[in-house]
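Descriptive structure summary
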Amino acid sequence: MKRTLRIGLVGFGWMGQAHSRSYRSIPLYFPDAPFRPVLAGVADTVPHRVEQAVRDFGYESGTEDWEELVDRPDIDIIDITAPNTMHRRIAEAAAAAGKHVFCEKPVGISAEATAHIEAAARRAGVTSGCGYNYRWAPLVRYAKELLEEGRFGSMTHYRGRFFTMYGRDRLGLLSWRFLQHEAGHGALSDIMSHAIDLAQFLMGPIRRVVAARETFVRERPLPKPGVGTHYDRGSPDDPTGAVTNEDYVGALVEFSSGARGTLEADRSIFGPQSQMAFELNGSKGAASWDHERLNQLLLYLPEEQPQDGFIEVLGGDSFYRQASLVPGGGNSIGFEDMKIFEAYEFLDSVAAGRPHDPGFEAALANASVAAAMIRSWESERWETVESLRID
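Residues numbered from 1 in each chain as written. Predicted model: local features only at pLDDT ≥ 70, side-chain atom pairs only at ≥ 80, totals over all residues. Heavy atoms only, no water.

Under the counting rule described, the total for this entry stands at 0 disulfides. Residue Cys 103 stays outside any disulfide, its sulfur separated by 6.6 Å from that of Cys 130, the closest cysteine. (Disulfide = S-S within 2.5 Å.)

Judged by nonpolar contacts, the single largest core of 79 residues is most densely connected at Tyr 158, Trp 289 and Met 373. What Tyr 158 contacts, discounting residues up to four positions off in sequence, is Leu 198, Ala 199, Leu 202, Met 203, Phe 255, Arg 260, Gly 261, Thr 262, Leu 263, Phe 278, Glu 279 and Leu 280. Residues Ala 95, Val 101, Tyr 132 and Phe 360 belong to the second largest nonpolar core, which totals 24 residues. (Core = buried A, V, L, I, M, F, W, Y, C linked by side-chain atoms within 4.5 Å. Buried < 20%, exposed > 50% of the residue type's maximum accessible area, 1.4 Å probe, protein only. Contact = heavy atoms within 4.5 Å.)

If you walk through the whole model with that rule in mind, you get 17 aromatic pairs. Connected via pairs of aromatic rings, a cluster forms that spans Trp 14, Tyr 134, Phe 162 and Phe 335. For Lys 144, the ring lying beneath its charged end belongs to Phe 201, and the centroid distance is 4.8 Å. (Phe/Tyr/Trp six-rings, centres within 6.5 Å; stacked < 30°, edge-to-face > 60°. Lys NZ or Arg CZ within 6 Å of the ring centre and 35° of its normal.)

This brings us to helix α10 (residues 360-379). Taking 1.5 Å of rise per residue, the 20 residues of α10 would be expected to cover 28 Å, and the 28 Å separating its terminal C-alpha atoms lies within 8% of that figure. Looking one or two residues past α10, Glu 380 carries a phi angle of roughly 60°, positive in sign. (Helix = DSSP H or I, 4+ residues; strand = E, 2+ residues; numbered from the N terminus. Expected span 1.5 Å × (residues − 1).)

We now examine helix α4 (residues 87-96). Within the span of α4, buried status applies to His 87, Ile 90, Ala 91, Ala 94 and Ala 95. Along the axis of α4, the buried positions cluster into a sector of 125°, meaning they face one direction only. Across from the buried face of α4, at angles greater than 90 degrees, the exposed residues are Arg 89 and Ala 96. Of the residues trailing α4, Gly 98 is marked for its positive phi of about 80°. (Arc of directions from axis to C-beta.)

By the definition in use, this model includes 32 salt bridges. Between Arg 89 and Glu 67 there is a salt bridge; the shortest N-O distance is 3.4 Å. Of this pair, Arg 89 sits in helix α4 while Glu 67 sits in helix α3 (residues 66-71), placing them 22 residues apart in sequence. The class for Arg 89 is exposed, based on a relative accessible area of 53%. By relative accessible area, Glu 67 is classed as partly exposed at 35%. For Glu 279, the salt bridge identified is with Arg 161, shortest N-O distance 2.9 Å. Placement of the pair is Glu 279 in strand β13 (residues 274-282) and Arg 161 in strand β7 (residues 155-164), with a sequence separation of 118 residues. With respect to burial, Glu 279 and Arg 161 carry one shared label: buried. Counted as one network, the salt bridges with shared partners bring together Arg 6, Glu 60, Arg 72 and Asp 74. (Salt bridge = Lys/Arg side-chain N within 4 Å of Asp/Glu carboxyl O.)

Dropping the structure here:
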């Protein structure tokens, strides 16, 4: 018998809508799932978003007060896609109420906040999940399988990056993402967190780093009432305000295994549009993957290939869960399909009563690396990654 899981979503912006579509899609793509997601309630401070969620997405009810969702005894899961400043308060309240908690990255607006959130969920004994969705790309899962099988040999080098152009427009509005008091750090919290997560998912823990940062666009037009996402645009004569967090972070990293690598993130670069990518090298081979080419893995296993150099592996139904979405080889999936996989895996963990990965433990490991990067760009030297877990 399927277990019914009733979900309360906090924050109905574009990511909240993506989560909602994912939950609605699970019964269609995974009819044999051992659980049944129900969109029980939604909270957002913008009234028309609440109305849209109920009218168009099928939520049973909506409110402008997230605490109403947390207090409801009929809700099993709180899913947080609200702005970063709200994450800790919502997550701690949800855990205290015995709700399982899924939170978009960064889980905390700071490493300290993430440590408190992780401790709250652990002490409450609830299942936690975090939105590191690139882990769920089928060809990333395949690369992980090859690593675990030792097919690349002893790992020597890793290069990870997340380059995106969403901040390239000098007239892009000064939304909350560009303000440290509202978003936390900039590229570090927003996109470097994905690069750190994928690096540690594939290669294991990072033990020390040396990092640098830069803000390339130092002022942006102030948002007008009702307009203010990082995709909206001002005009040259608009009043401006200061950007208070960074556009770029770069780091040299050393893994616990002894492998070396580089990590970079830039939100104002020209050229790459959503280049969340990695290359890894070992003593027996190499692999390369780029989210802009989500359905392609470049693979080099010289002992197993008839020709020298990289070969192209295309996604298909032989790889992780892709057969549930599209049959055959070479048929593509997209960004929101990874969110469907992510939602499925989290709900499956909740239904089975087992810990989920990536959960808040993984988020804290990520935040511990980010904290070392911050210490490094302040000290201008190598810094050891220290666990921030609160016992």
